[in-house]
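The lines below spell out each chain.
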Amino acid sequence: MDLAGEIDAEDGDGTPPATSEHAVEACEPNLMESFAGCEDQVDVPTAEANVSKGAILEPQNGLEFESKEAAYSFYREYARSVGFGITIVSSRRSKRSGNFIDVKVACSRFGSKRESNTTVNPRSCTKTGCKARMHMKRMQDEKWIIHSFVKEHNHEICPDDFYYDIRGRNKQPDAVACEKKGLQLVLDEKDVELMLKFFMCMKDENPDSFYTMDFDNEKCVRSVFWVDARGRHNYSHFGDVVFFDTFFVRNKYKIPYIPIIGVNHHFQYMLLGCALIGESTTSAFVWLMRSWLKAMGGKAPKVVLTDQDKVLNEAVADVFSNSRHCFCLWHVLSKFPENSGCIMDQNENFMKKFNKCIYRSWTHEQFEERWCRMVDKYELKEHEWFLSLYNDREKWAPVYMWHVFLAGISTTERSESVASFFDKFMHNAATFSEFIGQLKSFSLELYEMEAKADFETQNNQPLLRSASAFEKKMSMIFTDIVFKKFQAEILGMVSCHLQKESEDEDSVVFRVDDFEERQNFLVVWSKREFDICFVWCF
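Residues numbered from 1 in each chain as written. Predicted model: local features only at pLDDT ≥ 70, side-chain atom pairs only at ≥ 80, totals over all residues. Heavy atoms only, no water.

Chemist: So what exactly am I meant to see when it comes to the packing of helix 12 (residues 364–377) against helix 13 (residues 384–391) here?
Modeler: For any two helices packed against each other, the geometry comes down to the angle between their axes and how far apart the axes lie. Taken N-terminus to C-terminus, the directions of helix 12 and helix 13 make an angle of 175 degrees; their axes are 12 Å apart at the nearest point. Between helix 12 and helix 13, the angle falls in the class roughly antiparallel. For the pair formed by helix 12 and helix 13, the contact residues are Glu368, Trp371 and Met374 on the first element and Phe386, Leu389 and Tyr390 on the second. Looking at the contact of helix 12 with helix 13 residue by residue, the class counts come to five nonpolar, no polar and one charged. (Axes fitted to C-alpha atoms, helices over the stretch in contact; angles between N-to-C directions. Helix = DSSP H or I, 4+ residues; strand = E, 2+ residues; numbered from the N terminus. Parallel < 35°, antiparallel > 145°, perpendicular 65-115°, else oblique. Contact = heavy atoms within 4.5 Å. Nonpolar A, V, L, I, M, F, W, Y, C, P; charged D, E, K, R; others polar.)

Right under this line is the structure:
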């Protein structure tokens, strides 16, 4: 079940009309059949059951759902947590499409003493004319919304009502305690209320914002994902590289926060979504990535960056099968102490050899030759983690990613990592209320940084540092920060001597002597592919 804030427009029946010319009102058997699958795996409420003791949400006007079944299931679980039975009072179909457009679900003690034939597993119960109910309507985009909600009952709550309505007479109520798990361990009832208010304010500010919630079989909140309208807009322009950062989950912060990161044209980080997950499982990450992809209109990024992790590997392969999956290099290197600390302690030259292998290898063959020598020298053939690094080498080793644009996200220094970017507002023991407050401030700061960079790019003329026509042309195209990075490469040309070695109809081979780096290279220019690659370094 999803509580989704995103709308997918399909047909235009619109808000349910009030006249019978356009809608047929009934309480049909096939409507009950459509709800039949919602009855699985239901715990029996006890007299102590209360919505505030878990992450069971109280209905609120305006909450949106994927389907009528999801909305019904939501109200049923609310009824379970409070301890009253439910029944479908009425429903309406559109005459034009024949689809349901309006459903009213009420306390099973609604109406007069005559027993309703629409109660789920009906039984004899005292009717009190109770007005407690939830009215849900189908929106123009096929999603369902809580149109109105009446909380108050005119009778004492009897937990057996719910039990008999769901299970029937032939089973006896047997209290089952709901053990807290997932997000229930970190979010209490007040946190959930705050989260819903945050989502609804976000939607009020801009309807293009998106949020969705994942529930387990007991209808407790398992995972949450949201992205504001600006994040969705930014992704449409800067959707090449996306990083699902699990730093805060991996390091067991109180709030299991996962920022989804991109980079804009000013080389600044952008928030392309946020998530809270209650468990680090493949299914949880598949749900998150699918929810994010849905929010972005189904457009997958060219590159997906994650930490090195089996669960993330499986999730990315499932959801982003056509994207290039890479690991954050900083995370790979940060795992050295825990996975190879003894090797580093016993061999002081080990890291020197390792760094030479990954940073000074210019071809695949050179990398693999050096890796094999290192593995043999330090007896690492049976080392499970080193074996996994080698098997995944195309996802993290620089030599395999010359042609992969990473937008500077995969850095090797902790001070430059994405996680450090969030350190200013995230701390290990932050409460949910503190987290939301800081996230709002942080998001505003990101927007102000981008606005400032836009202003500077539009109003400042970059200083040229060479006579290169290429440099002048790019100064009119690139933003300030990107131009400065390009300019550094232009200036680096001064220290390089270029000499043609050979040429044929497909390619040209050059020898490049880099006096600054004290390295000599053979470089091939492919005429057909307009591409450059290293052949050898000597």
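Chemist: Please explain the pairing of strand 10 (residues 257–263) as it appears in this structure.
Modeler: Regular strands place their side chains on alternate faces of the sheet. Burial analysis of strand 10 places seven of its seven residues in the buried class, the great majority of the element. Residues Tyr257, Pro259, Ile261 and Val263 of strand 10 are buried on one face, and the alternating residues Ile258, Ile260 and Gly262, pointing to the opposite face, are buried as well. Bridging between strand 9 (residues 241–244) and strand 10 involves two bridges; their strand directions are antiparallel. By the bridge assignment for strand 10, Phe244 is matched with Ile260. The pairing of strand 10 with strand 11 (residues 269–277) spans six bridges and is antiparallel. The partner of Val263 across the bridge, within strand 11, is Tyr269. (Buried < 20%, exposed > 50% of the residue type's maximum accessible area, 1.4 Å probe, protein only. Pairing = 2+ DSSP bridges.)

Chemist: So what exactly am I meant to see when it comes to the environment of Lys104 here?
Modeler: For Lys104, the position within the fold is in strand 4 (residues 100–107). Here the alpha-carbon distance between Lys104 and Ser90, two residues 14 residues apart in the chain, equals 5.4 Å. Ignoring sequence-local partners within four residues, the contact set of Lys104 consists of Thr87, Ile88, Val89, Ser90, Met134 and His135.

Chemist: For this particular structure, what's the right way to read the side chain of Asp191?
Modeler: Looking at the element boundaries, Asp191 is found in helix 4 (residues 189–205). Buried charge Asp191 goes without a salt bridge, the closest partner of opposite sign being Lys254 at 6.9 Å. Beyond its immediate chain neighbours, meaning those up to four positions away, Asp191 contacts Val186, Phe432 and Ser433. (Lys, Arg positive; Asp, Glu negative; His and termini not counted. Salt bridge = Lys/Arg side-chain N within 4 Å of Asp/Glu carboxyl O.)

Geometric descriptors of this kind do not, in isolation, establish any biological role.
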